[in-house]
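# Per-entry structural report
Take a look at the letters that make up each chain.
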Amino acid sequence: RLAGILAAVLRDTDIEVVVVSRPSPDQASLARAAEELFESRAVGARSRGNRGVLFLIAPAARRVRLAVGYEAEEIFPDAFVGYVEHAQMAPYFASGRTAEGVEATVELLARQAYEKVLGRVYDPKERVATGDGFRGGGAGAETALATVSANRPGATDDSALHERFGPQPSPGQAWARFLEIQRRRIKAPDLGLYDDAAQALLRERPNTDAGQDHIARLYDSKAHVVRRRGDRAAVVFLDDPQRLLAPWFFRRSARGWQLDGATPPGLIRYNHLNQWRFARRDHPYAFAFEDFTFDTNGFATPPPAP
């Protein structure tokens with residue numbers, strides 16, 4: 001699967017990403033290894049613009065390094081690389097989910113490249129404003145994984161959080177609260193806004209700052225409609241030519257509207273550019289997409305604007 005993602009990244013963004021795992025006992029040898037591998041593997045030579053990124057993993061030393069070629073530094077500046085390592089890679093690795101961390105990081109790199117094509121670039125001031133202030137070491141950056149937590153907290157006893165982010169009186173209000181959680185990087189998995197299935201997912205998987213930042217950046221203030229039938233509702237985005245804004249689903253329980261955590265894992269699929277599609281058409285939220293058209297792969301096209 002990773003090989004397929006890397007090939008697609010090269011094809012669609014003209015950036016060659018090479019992933020290598022090898023033992024390295026200390027920081028100095030890892031830096032040397034990155035330099036040697038970048039040269040010996042001619043990272044970037046397969047792209048038309050000679051743009052390459054080396055993703056070096058040293059599991060035994062619990063370190064990772066992203067080395068960025070000169071031609072790709074405009075797309076992946078040091079501040080962005082440091083942010084990716086700390087806010088995306090390290091939490092996955094610290095929780096023992098190395099393979100998922102590699103895949104999630106490669107997908108984040110692809111997304112950054114694609115957003116560059118769309119004219120949206122990473123602004124390090126966004127992270128500095130939150131106190132992160134990530135810095136790289138020149139042509140890349142390095143992170144010690146052992147110093148970063150897995151970002152999988154248990155139940156919270158913060159009554160204010162439970163009150164604000166409990167089940168909501170309407171699906172629109174539930175959507176607004178969900179986005180607030182992402183903006184504030186709240187990690188508590190037991191909030192009442194989540195149904196039982198959503199809470200189980202959040203306990204199982206690392207909930208990274210990078211993942212929450214991405215959701216907030218992508219969806220916040222985007223025009224949407226809430227389509228409801230009975231006890232189910234879908235937040236749908238009609239102005240989405242790049243197919244980046246996947247729908248979100250909510251269910252009404254006896255307590256109020258909650259995020260549906262059971263339906264999306266088997267229904268929504270993403271490609272390496274984070275474009276979404278339906279894995280099947282027979283699902284309980286199909287009523288919200290009756291005016292959409294779908295291609296053979298399940299990619300959706302909203303109705304024409306009035």
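Coordinates for the structure precede this section.
Rules of the game
Residues numbered from 1 in each chain as written. Predicted model: local features only at pLDDT ≥ 70, side-chain atom pairs only at ≥ 80, totals over all residues. Heavy atoms only, no water. Helix = DSSP H or I, 4+ residues; strand = E, 2+ residues; numbered from the N terminus. Buried < 20%, exposed > 50% of the residue type's maximum accessible area, 1.4 Å probe, protein only. Contact = heavy atoms within 4.5 Å. Areas by Shrake-Rupley, 256 points an atom, 1.4 Å probe, with all protein chains shown as cover. Core = buried A, V, L, I, M, F, W, Y, C linked by side-chain atoms within 4.5 Å. Phe/Tyr/Trp six-rings, centres within 6.5 Å; stacked < 30°, edge-to-face > 60°. Pairing = 2+ DSSP bridges. Axes fitted to C-alpha atoms, helices over the stretch in contact; angles between N-to-C directions.

### Brief notes about the overall build of the chain
Regarding its fold elements, the chain presents 10 helices and 12 strands. Considering the chain as a whole, with its 306 residues, one finds that 51% of them fall into the buried category. Partitioning the contacts of the chain with sequence separation of at least 6, the portion at a separation of at least 24 is 65%. Looking at the chain as shown, the accessible area adds up to about 14,400 Å², and 48% of this sits on carbon and sulfur atoms.

### Brief notes about the nonpolar core
One finds Trp175, Phe178, Tyr219 and Trp248 to be the most contacted residues of the largest nonpolar core, which totals 42 residues. Counting only elements with at least two residues in this core, the list comes to α7 (171-184), α9 (209-219), β6 (232-236), β7 (248-252), β8 (257-259) and β10 (276-278). Dropping the residues within four chain positions of it, tryptophan 248 is found in contact with Trp175, Phe178, Ile215, Tyr219, Ala233, Ala234, Val235, Phe237 and Leu259. Grouped together as the second largest cluster of nonpolar side chains are 30 residues, Phe76, Tyr83, Val106 and Ala210 included.

### Let's talk about the packing of aromatic side chains
Going through the model one piece at a time under the given rule, you end up with 15 aromatic pairs. Both rings, one in tryptophan 175 and one in tryptophan 248, keep their centres 6.0 Å apart while their planes meet at 45°; by these two values the pair is tilted. In this pair, tryptophan 175 is assigned in helix α7 and tryptophan 248 in strand β7, connecting sequence segments 73 residues apart. In this pair, the class of tryptophan 175 matches that of tryptophan 248, namely buried. Judged by relative accessible area, tryptophan 248 falls into the buried class, the value being 18%. Put simply, the rings of Trp175, Phe178, Tyr219, Phe237 and Trp248 touch in pairs and so form one group of aromatic residues.

### Re the sheet that holds β7
The sheet built from four strands is open, its strands ordered β5-β6-β7-β8 with antiparallel pairing. Only two strands of the sheet have a single partner each, and these edge strands are β5 (225-229) and β8. Each neighbouring strand pair of the sheet contributes to a mean axis angle of 25°, computed without reference to strand direction. The pairing of β7 with β8 spans three bridges and is antiparallel. Counterpart to phenylalanine 250 in the pairing with β8 is leucine 259. Across the sheet, α7 touches β5, β6, β7 and β8, and the angle it forms with β7 is around 125°.

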